[in-house]
Structures are given as structure tokens and as C-alpha cells.
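Listed below, chain by chain, are the residues.
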There are 2 protein chains.
Amino acid sequence: MGALDVEHLDTELETVSKIVPVGLGSDETLETGTIEEAVRVLLQGLGEDVTREGLLKTPLRVAKALREGTKGYRQNVKDIVEGALFPEAGLDNGTGLAGGAGGLVVVREINLFSYCECCLLPFKVQCHVGYIPSGQRVVGLSKLSRVADVFAKRLQDPQRLADEICVGLQDNIKPMGVAVVLVCWHIKYPTLEEASHNPTHPTKDPMQGWDPISVFSGSGVFENENSDDWDDYLALLKFQGVKVERNTVEQSWCPSRSLEFTLSNGHFMKNLFNGRSLSKGPTNYPAMMNAVGSILHSLGEDPSRKELVNTPQRFVQWLMNFKKLTLEKKCNGFNLKDSVEGINGNVSYNQKKVHSELNMPFWSQCEHHLLPFHGVVHICFFHGGELETVDRSFLQSIVHLYGCQLQVQERLTRQIAETISSIFHLLGVMVVVEASHICMISRGIEKVGSNTATIAVMGQFSADPKARAAFLDAISSSTAFQGQ
Amino acid sequence: MGALDVEHLDTELETVSKIVPVGLGSDETLETGTIEEAVRVLLQGLGEDVTREGLLKTPLRVAKALREGTKGYRQNVKDIVEGALFPEAGLDNGTGLAGGAGGLVVVREINLFSYCECCLLPFKVQCHVGYIPSGQRVVGLSKLSRVADVFAKRLQDPQRLADEICVGLQDNIKPMGVAVVLVCWHIKYPTLEEASHNPTHPTKDPMQGWDPISVFSGSGVFENENSDDWDDYLALLKFQGVKVERNTVEQSWCPSRSLEFTLSNGHFMKNLFNGRSLSKGPTNYPAMMNAVGSILHSLGEDPSRKELVNTPQRFVQWLMNFKKLTLEKKCNGFNLKDSVEGINGNVSYNQKKVHSELNMPFWSQCEHHLLPFHGVVHICFFHGGELETVDRSFLQSIVHLYGCQLQVQERLTRQIAETISSIFHLLGVMVVVEASHICMISRGIEKVGSNTATIAVMGQFSADPKARAAFLDAISSSTAFQGQ
């Protein structure tokens, strides 16, 4: 087992089994309504007009997504496993261990999403579940992933998630042992420095390049972490290229906690989003934090549970990075000279007066789902020759400023193109934005890997397909995914 | 557009919109009951006892999975898109095209599953959908994949699927144009020769190594397949390493059609499954084919539609590869000398009298869902020294014989271990089976990539963790996925 004691989990499992399944009853409507109301408070806190068309259904969308993403509170392991235990003869005792009754069974690489209980942002889980059957019974393989999903669809911490999956299976299948390994990726809160120094192409896997943590949990014959059974199990994971190591989960698994730590030490971390802190501005924080508290309650959680006490503050702090401000106000607090010196990426098309910058990272917040989307921006423009050099950092700043608000990718693309065009009096500009949308990934898990590209074209590029093609080709050559 | 005319699709979309959404009404229960009854007929045709515990709920599971997998017949594009069109300003005419109104928007790498209308087996789809907004309206990005899924969740052919997605979006979003590219992978019907010559490790992606086909469909400004817009679109796909080529879909996209072709030419293709043909045996084919016909009808299809006329025969033909036979009967029709000469993969553990064979491919049929699972078998055994050499092909044949029936992976693992142990009078045997289960992948798409490993251990291996570790390590070294 990990950090959590079995007794606690037993009680929890019992409680869960009493909760009725998700329905369309009046309770459900009530909870959804409460969340919608809370989301409206959050939107207003962000300085948004909740009656504008793009935001009109956002409260309902967020409420539905949160209820769906935490439906594990209303699901029951027993119901899932019941009827999926099949008789399967084993070998006689003494001759060995065989699949079916005694042999190890491992389902590897189950992809799940969960919600971080610290900050309410989704995190990605790669789950490996193994068990050794006993009593001449095996469980339907798909049930292992379904049970894992019951616990993933709650507000979680990685170790607790592993422990709950382990105990849930042990209690309901009663095998010789259960072993769970999770590899978890949390969304990073990138700093501007980090973003500028890491101009990779993050759209293939939105979690790519992030440091995952591994957690282990074992019951029965897997309780001893040095047992031969663990060796067999880990060898099977190794076939798939999964390398996991037992390590202690740091307190700072959630980046929002590191931020607190930094703050308490007096070193304010200037983050990607213009270094705004909660102490500035006239925003109604208590109302926003209360709203998050009421969301937690509506999801079936106890907002006074010790792990959740600071969650409203952390979530509001994250959200406030995307407060609506005019460009002027934003620039006011943002010193472009402070930002990182750019790496100019001039691309030659055998044409003069062309400038391009590729793979500039950005972060934004989807206004339809209040969830992050992030990726890279590529910019190319023709100019009259009066521009000697253009700092990458200047272009990067414009990208950030438009990213730091509730957005849709199409608008972001257009705004960047328009702004650059008007600042530099350009003859033509082309902007390509590539992004992964957490809303598409965590809500419909089947869309993992999907990502969106948008193009804005102005001036000379409109009439010049060859210039467009040359720029697109340059982007293609710059990415690591070519030839995959 | 592709092969299908727009008028036909319009009619179809209209028809679909009249069908009520999936409910739990009496119609739904009726359809499910009809499918369950048909599945019982198929199981009996396979020589199975439908009252045995492992099969008791198989009819219900298959019925639910088929209804779920074809729910697109009862869904409506208009309902999905309605309320998800958002106002987004574009640039003035004449200055260019920008994201939001005029700029290209592409959602790449949407993973879908569909059912092949030729043979009723699932096929995998990687879908790329693009459109150019007009009328200052953009559609919520997730709707592009949801609409694609409506058409994927029907019995399909790749080109028709692409055309239906294209027309569905064009009619309901009314943009300047829609472009759809699909890359589709059909489950192969492997031959014994092919399997033996291709001893790769297929569990990472069950479709890996199979030849996909690409299909294109365009409307509006994408109707001309040589347009600049297509160039921009394909360049965006290239960033992701997606390489697609326009090619004509061959009649033989579905392997069941190649089989027919071969048969009609008098060259019977001896397939993986012992070369049994439909003409042999006392099985009640007409009843089985009628059963498949009634399934098609219950899913909302017209079994007399020309593409479906031969589907019952093809599906039954596939299924009969897994007819229940005793080992003796199976061996009777199977000439081991004919099979491919093996590549012996002896592994040295600094111990004598050890033999191992790695990565022997197998195909089987999940008895819980009537869907294929396939992968590789690794065998290692200790013997008394009396065995000079063991043909890989002999071991491969044993693997095939146990694969060719309704199975669960745990049982398959045990049966292979027991059979080899008793034939060779072994001192110890260890069998590892790694498999991808189509039932887990196509039913719960979120489980793409997950796969299952099972171990059976007999005799000396039980008491010797070091021998187990050495064998597992040898498997690990043999796979291509190490160090990923």
C-alpha cells in the first residue's frame, strides 16, 4: 500500500456504494445549476460579460464537464466487477502457476484523466494494473480499466489514486494480490523563461517533455515491494518501454504548491502571465473562492477536507492569469526588455525582406470550457525593408499577451496577425497556430493526440500560394515529428 | 467529393434526422433482444454451449457493443452543430484571410473506430478534418470530431465515411469549404506464412505494420483537388508526420473480398486457421447467415443494400475459423510438415537444456465479445536433455490450434503451457502471452494502446525467480519498444 491506510479506503468504498448512479433526476439538475451559477461568478471575476454569445453556454459546458469528469463519486466498483468474474481452471497446486488461476495478468498502458485536488486542473494518467487470480476465477480484462476509471474520475492525488484502485480491486475480486503502477503528468505552469528556452513542438502529445511521476501500490502478495511477483510484473512493463522507478512523491507534485512555497519565501515567481499577483486589482476574490467551494460541494466533495482547503485559492489564482485586460493595460505591467533575448530564426526563400519566427510557445484558456489550450505559434511576414531586425522576444510577448485571456484559437490567430501587421506596417503576414486543447482531451478521452492548426493570412501572402507553401515547409522542417 | 453523390447523402442526412435518439424505450430493448437471439445462433453454429458460464452474457455484451458501435444511425449532425456556432470577426475582404472568418482551421489526428460493411469487423480511422469559416462564424472545435464520430459509428466503407463527414459538415456549418482526409486500417486476415515471417511485436499498436489506405473528400473551395487550399491543408498534416497520398481505393480494401477473389480463381487461400473452408462440416450456415442478416436489420441497416448482401456470408466465414474442435480433430486437418520451417531462437542463460521461442504471433477470438484479440506468445522450457531440437513451427502450430477457438487470454496461456509440458515431458515451462484486444479498443476507445500480458509458470520455473527474470529479460531485449 502507499500513503493511505486500507481502513480509510474501505470506509470510502462503502460510502460510494450507497450513492445512487448518475441519473437525470432533479438532484442532478440542481447540482448542475449550482455549478453554472458559480462559473458565472468566476467569469465575472475575470472581467467578462457573461451574456456575450461565446460565453453564454460556458457555465453549462463547464458544469457538465465537471460532473462527467467526477462521475466516479457516483459509481460503484462492486457493480462493475459483479457478473464479470469467470470460472477459469488453474493448474494443480505444486506444479506451478498458470494464467487463469495463479498466473499473473497485467493490463498495460490504460490511458486515463483525473483532476488534481490541489488546483482542479486535469492530469494525465498512464495506468498499469496487474493481479494474480485465485479461487479459479478471472475478471473480464476491461473491468480492470473500468475500475481504474471510477477512481480517476474524482479529485485525486497520484498516490491516493493508485491506492484506491488497488484496494477497490482487491476487495471486489479477492485475488492473491493486486499491483498498480501509475505514471502521472501534471499540467505545468510554465514561466516565460522556460517557454522561451524550450521551443519544441508540443502538440503531438500535450504532456510531452513534462516530468511525470510514478507511484506504486500493492496488496496481497504484492504488499512486499521486494517480492519476486513485483519483479515479474515490472519486467512485463519493461517490454513496452515503460520504465518506472519507485520514488517518493514530493509535496510539489502540483505546481500550484511550488508557487505557494515560492511566495512564502518572498521570491515571487514571475510566471508566464505577466507576473500579476492576487494582491493587485479590484477583483472580488472572496466571491470567486466561494464559488469554487460551492463547485467542490456540488461534485460531492467536502470542501473542508484538508487537501481541498486551499484548492479554491489555487484555482482562482490560476484563472486570474487570464483576466480580461486591454492590450495597453497588459503592456503597462509588462517590461519587454526584461524578457528573454530572442533567437532569430530567419528563413530564406530566395526573397529579401522576409522574416519568420517558428515554434514560439503559448498558453491560453479556452473560453468555452475554462480549460487550458497550449501549443506553438509560427509567424512569417514581408516588410518594406525598414526593419533591420525583429526581436523574437518582442513577437513572443505579443503572442503571450493575446494568449493570456479567455480565447478561442481562431481569434488568437487573427489577433496576432492583425497586431503585428499594424505595428510594423507590413506588406503581408502569415500566422500559424498549432495547439492541443485540454478540453478536447480530458472530456472526450478518445481525442487524445488530436490537435488543431489554424492559419491567418494577410496582404501579399493571400495572393502568393508559393510563399505560403515555402513558409509551411519551413515549419515542417523545424518540427521533430517529420518522417514519423 | 468522392464516389458518392451529394444528393444521396442529403437524403440520408434527412432520414437520420427523423430517427429518434437512443433511449431505453421498448424499441431499444426489442432490438437488443433480437441481436442477442442471433448471437446465440452464431455461438451454437460454432459448436459452443450457450449456457456455459463464460458465454452466458456474451449475447447481451455483443448486442450492447453493436448498438453502441452503430449509434450514429440514431444521431443527427444538426443537433450537434446547433448552438456551437460562435460569432468570430474576420478581416476585411481584400486584406486577406484570417482565423475565424476565412482562415483555415484543421483538427488533426482524431482517432475513431468504425465497422467494415463488408465483414462487420471494426476498422481504425485516423481522421483529419479542416474547414474554412465564412459568415463570421466558427464551430466549436470538438464538434468536428463529434460529427466525424456520428458517421464512423455506422457500417462503413472508407470513402463513403469521408464523403458523409464532409457533406454533414458542409450542410450544417455552411463554410467556404470542408476537407476530410482519413487514414484507415482494416484488421488483416493473416495467413500462416505471413505470421511466421513477420515475428514482430504487435502489441504496441494493434494496427501497427498494417497497410493503411488514405481517402480524401472535399466540398466548396476544396472540391478542386488541385486547389491551393488543399496544398495548405496537406502541409498542416505534414507537420505532424502524417503522410497521405491520393490513391484509388481498391475493391480489396476488406480482406474478406480478396478471399472471395482468390476462391473464385480456384486458388484457395490456406489461411491461418487450418485452411478450413465453408463447404466442410455439418454446420448450419443458412441459420447463421440469417442470424447475421437479422443483426444488420436490428442495427437500422437494410440487409438488401448491395454492399451488405454478402456481409452475412463473410462474417460467418470469419467466425468459422474459431469453431470449437477437439485438438485431435484440428491436428487431423493440419499438416505440421507444411508449415514454415522455424527460426530457432535459443537463449542461453548459462544453463543447459533450456529452449526458448520468442514472438510467435497468434490470433484468437474473445469469447466475451466475439471480437479478435491477437499478439505474440513467448515460450521457454527446461528439458531433460533428450530433445535435440524443437521446431519453432511445431510450437507455433500449438499456439495456432489453441488460438483458433473462442478464448480468453488467461486460458490460452495455460493451455499452451500444459500441452507443451505434457508432449515433451518437461521439467519446467513458462509461457508469456501479450495481446491487444479489439473488444477493449473499439468499445472503449480510450483504451487504445492498452494491452494485456499473461504468464503461466510450471515446474522448475515456479521456484526459480532468476530463471523467470532471465527469460523476461530475453523477451524485453527482443522487442523493438525497449528504450522508447
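What you see is a predicted model; the values in this text were computed from it and never measured. (Residues numbered from 1 in each chain as written. Chains lettered and ligands numbered in written order. Predicted model: local features only at pLDDT ≥ 70, side-chain atom pairs only at ≥ 80, totals over all residues. Heavy atoms only, no water.)

Colleague: Help me out: how do you make sense of the overall build of chain A in this one?
Modeller: In terms of regular secondary structure, chain A is built from 17 helices and 13 strands. The proportion of buried residues among the 484 residues of chain A is 61%. For chain A, the accessible surface area stands at approximately 18600 Å², while carbon and sulfur atoms represent 51% of it. (Helix = DSSP H or I, 4+ residues; strand = E, 2+ residues; numbered from the N terminus. Buried < 20%, exposed > 50% of the residue type's maximum accessible area, 1.4 Å probe, protein only. Areas by Shrake-Rupley, 256 points an atom, 1.4 Å probe, with all protein chains shown as cover.)

Colleague: Explanation requested: the side chain of Glu109 of chain B in the structure shown.
Modeller: In this fold, Glu109 of chain B is placed in strand 3 (residues 105–116). Polar side-chain contacts of Glu109 of chain B include one of 3.5 Å to the side chain of Gln126 of chain B. (Polar contact = N/O pair within 3.5 Å; in protein donor to acceptor, adjacent residues only side chain to side chain.)

Colleague: Teacher, can you tell me more about the packing of aromatic side chains here?
Modeller: What describes a pair of aromatic rings is the distance from one ring centre to the other and the angle between the planes of the rings. For the structure shown, the criterion picks out 22 aromatic pairs over all chains. Between Phe216 of chain B and Trp230 of chain B, the aromatic rings sit 5.6 Å apart at their centres with planes inclined by 55°, giving tilted as the arrangement. Here Trp230 of chain B lies in helix 9 (residues 228–239) and Phe216 of chain B lies in strand 8 (residues 213–220), a separation of 14 residues in the sequence. Pair check on accessibility: Phe216 of chain B and Trp230 of chain B agree, each one buried. Taken together, the aromatic side chains of Phe216, Phe222, Trp230 and Tyr233 of chain A make up a single cluster linked through ring pairs. The positively charged end of Lys124 of chain B is found above the aromatic ring belonging to Trp185 of chain B, 4.9 Å away from the centroid. (Phe/Tyr/Trp six-rings, centres within 6.5 Å; stacked < 30°, edge-to-face > 60°. Lys NZ or Arg CZ within 6 Å of the ring centre and 35° of its normal.)

Colleague: So what exactly am I meant to see when it comes to the pairing of strand 10 (residues 371–382) of chain B here?
Modeller: A regular strand places its side chains on the two faces of the sheet in alternate fashion. Residue and element names in this part refer to chain B. A large share of strand 10 lies buried, amounting to twelve of its twelve residues. Relative to strand 10, strand 9 (residues 354–366) runs antiparallel, the two being bridged by eleven bridges. Bridging from a neighbouring strand, Pro361 pairs with Val376 of strand 10. Between strand 9 and the antiparallel strand that follows it, strand 10, lie four residues; Leu370 among them carries a positive phi value of about 50°. (Pairing = 2+ DSSP bridges.)

Colleague: How should I be thinking about the environment of Val62 of chain B in this particular structure?
Modeller: Residues and elements named next belong to chain B. Mapped onto the fold, Val62 is located in helix 4 (residues 58–69). Note on Val62: relative accessible area 8%, which makes it buried. Look past the residues within four positions of Val62 in its chain and what remains in contact with it is Val39, His369 and Leu370. (Contact = heavy atoms within 4.5 Å.)

Colleague: For this particular structure, what's the right way to read the packing of helix 9 (residues 228–239) of chain A against helix 17 (residues 465–478) of chain B?
Modeller: Between two packed helices, both the angle of their axes relative to each other and the distance between the axes serve to describe the pair. At a minimum axis separation of 9 Å, helix 9 of chain A and helix 17 of chain B run at an interaxial angle of 5°. As the angle between them shows, helix 9 of chain A and helix 17 of chain B are arranged roughly parallel. For the pair helix 9 of chain A and helix 17 of chain B, the contacting residues are Asp228, Asp232, Ala235, Leu236, Lys238 and Phe239 of chain A in the first and Pro465, Arg468, Leu472, Asp473, Ile475 and Ser476 of chain B in the second. Tallied by class, the residues present in the contact of helix 9 of chain A with helix 17 of chain B amount to six nonpolar, one polar and five charged. (Axes fitted to C-alpha atoms, helices over the stretch in contact; angles between N-to-C directions. Parallel < 35°, antiparallel > 145°, perpendicular 65-115°, else oblique. Nonpolar A, V, L, I, M, F, W, Y, C, P; charged D, E, K, R; others polar.)

Colleague: When you look at the pattern of salt bridges in this model, what are you seeing that I'm missing?
Modeller: Pairs can form between side chains of opposite charge once their charged atoms are near each other. All names here are of chain A. This model, assessed by the stated rule, comprises 42 salt bridges over all chains. A salt bridge links Glu367 to Arg52, with the nearest nitrogen and oxygen atoms 2.9 Å apart. Of this pair, Glu367 sits in the loop between strand 9 (354–366) and strand 10 (371–382) while Arg52 sits in the loop between helix 2 (26–45) and helix 3 (53–56), and the two are 315 residues apart along the sequence. Measuring nitrogen to oxygen at the nearest pair gives 3.1 Å for the salt bridge that ties Arg392 to Glu357. (Salt bridge = Lys/Arg side-chain N within 4 Å of Asp/Glu carboxyl O.)

Colleague: Is there a simple way to think about unusual backbone geometry in this case?
Modeller: Apart from glycine, the bulk of residues carry a negative phi angle, and the bulk of peptide bonds sit in the trans form. The phi dihedral of Lys174 of chain A falls on the positive side, at around 50°, and the residue is not glycine. Locating Lys174 of chain A in the fold gives a position in the loop between helix 7 (158–173) and strand 7 (177–186). For Gln136 of chain B, which is not a glycine, the phi torsion comes out positive at approximately 55°.

Colleague: Would you mind showing me how to read the packing of helix 11 (residues 285–298) of chain A against helix 12 (residues 311–319) of chain A here?
Modeller: All names here are of chain A. Look at helix 11 against helix 12: their axes get within 9 Å of each other, and the N-to-C directions meet at 120°. Viewed along their axes, helix 11 and helix 12 adopt a mutual orientation that is oblique. Here helix 11 and helix 12 pass one another in a crossing that is right-handed. Facing helix 11, whose interface residues are Tyr285, Met288, Met289, Val292, Gly293 and Leu296, helix 12 presents Pro312, Gln313, Phe315 and Val316. Broken down by class, the residue content of the contact of helix 11 with helix 12 amounts to eight nonpolar, two polar and no charged. (Left-handed = near helix turned anticlockwise from the far one by under 90°.)

Colleague: I tried to follow the nonpolar core on my own but got confused; where do I start?
Modeller: Note that soluble globular proteins tend to have their nonpolar side chains buried in a common cluster. Core analysis: the largest hydrophobic core is formed by 206 residues, its most contacted members being Ile379 of chain A together with Ile379 of chain B. Setting aside chain neighbours within four positions, we find Ile379 of chain B in contact with His355, Ser356, Glu357, Met360, Leu395, Val399, Ile416, Ile420, Val429, Met430, Val431 and Phe471 of chain B. (Core = buried A, V, L, I, M, F, W, Y, C linked by side-chain atoms within 4.5 Å.)

Colleague: I tried to follow helix 7 (residues 158–173) of chain B on my own but got confused; where do I start?
Modeller: Note that an α-helix has 3.6 residues per turn; residues three or four places apart therefore point the same way. All names here are of chain B. The first and last C-alpha atoms of helix 7 sit 22 Å apart over 16 residues, in line with the 22 Å expected at 1.5 Å per residue. Along helix 7, 14 of the 16 residues are buried, which leaves the element largely enclosed by surrounding structure. Where helix 7 begins, one side-chain oxygen reaches toward the backbone nitrogen of Gln159, 3.2 Å away; that side chain belongs to Asp157. Of the residues one or two after helix 7, Lys174 is the one with positive phi, at around 50°. (Expected span 1.5 Å × (residues − 1).)

Colleague: Honestly, the environment of Arg305 of chain B in this entry has me stumped. Any pointers?
Modeller: Residue and element names in this part refer to chain B. Within the secondary structure, Arg305 is located in the loop between helix 11 (285–298) and helix 12 (311–319). Those residues in contact with Arg305 that sit more than four places away from it in its chain are Glu117, Leu155 and Arg160. A polar side-chain atom of Arg305 sits 3.0 Å from a polar atom in the side chain of Glu117.

Colleague: So what exactly am I meant to see when it comes to the state of the cysteines here?
Modeller: A full pass over the atoms with the stated rule returns zero disulfides over all chains. With no disulfide of its own, Cys116 of chain A lies 3.8 Å from the sulfur of Cys254 of chain A, the closest cysteine sulfur. (Disulfide = S-S within 2.5 Å.)

Colleague: I keep staring at the pairing of strand 13 (residues 451–459) of chain A and nothing clicks. Help me out?
Modeller: Taken across its nine residues, strand 13 of chain A has eight buried, putting it largely inside the fold. Alignment of strand 12 (residues 428–437) of chain A against strand 13 of chain A, held across eight bridges, turns out to be antiparallel. Within strand 13 of chain A, the position partnered with Met430 of chain A by the bridge is Val457 of chain A. Where strand 13 of chain A meets strand 3 of chain B, four bridges bridge the pair, whose relative direction is antiparallel. Across the sheet, residue Asn451 of chain A finds its bridge partner in strand 3 of chain B, namely Arg108 of chain B.

Colleague: Just to check I follow, could you spell out the environment of Val147 of chain B for this structure?
Modeller: Relative to the assigned elements, Val147 of chain B resides in helix 6 (residues 141–152). Once residues lying within four places of it in the same chain are set aside, the contact partners of Val147 of chain B are Val77, Ile80, Val81 and Leu169 of chain B.

Colleague: Where do I start with the confidence of the model for chain A in this structure?
Modeller: The predicted structure's coordinates, where accompanied by low pLDDT, should not be read in detail. Residue and element names in this part refer to chain A. Chain-level statistics for chain A give a pLDDT mean of 78 and a share of 72% at 70 or above. Taken element by element, chain A is modelled with least confidence in helix 1 (residues 6–18), mean pLDDT 42, and with most confidence in helix 7, mean pLDDT 97. Per-residue pLDDT stays below 50 along residues 332–351; that stretch engages in 38 contacts with residues further than four places along the chain or on separate chains. Per the prediction output, this complex has pTM 0.84; the corresponding ipTM is 0.82. (pLDDT = per-residue confidence, 0-100.)

Colleague: What am I meant to see in helix 12 of chain B here?
Modeller: With eight of its nine residues buried, helix 12 of chain B lies for the most part within the structure. Turning to helix 12 of chain B, its buried residues are Thr311, Pro312, Arg314, Phe315, Val316, Gln317, Trp318 and Leu319 of chain B.

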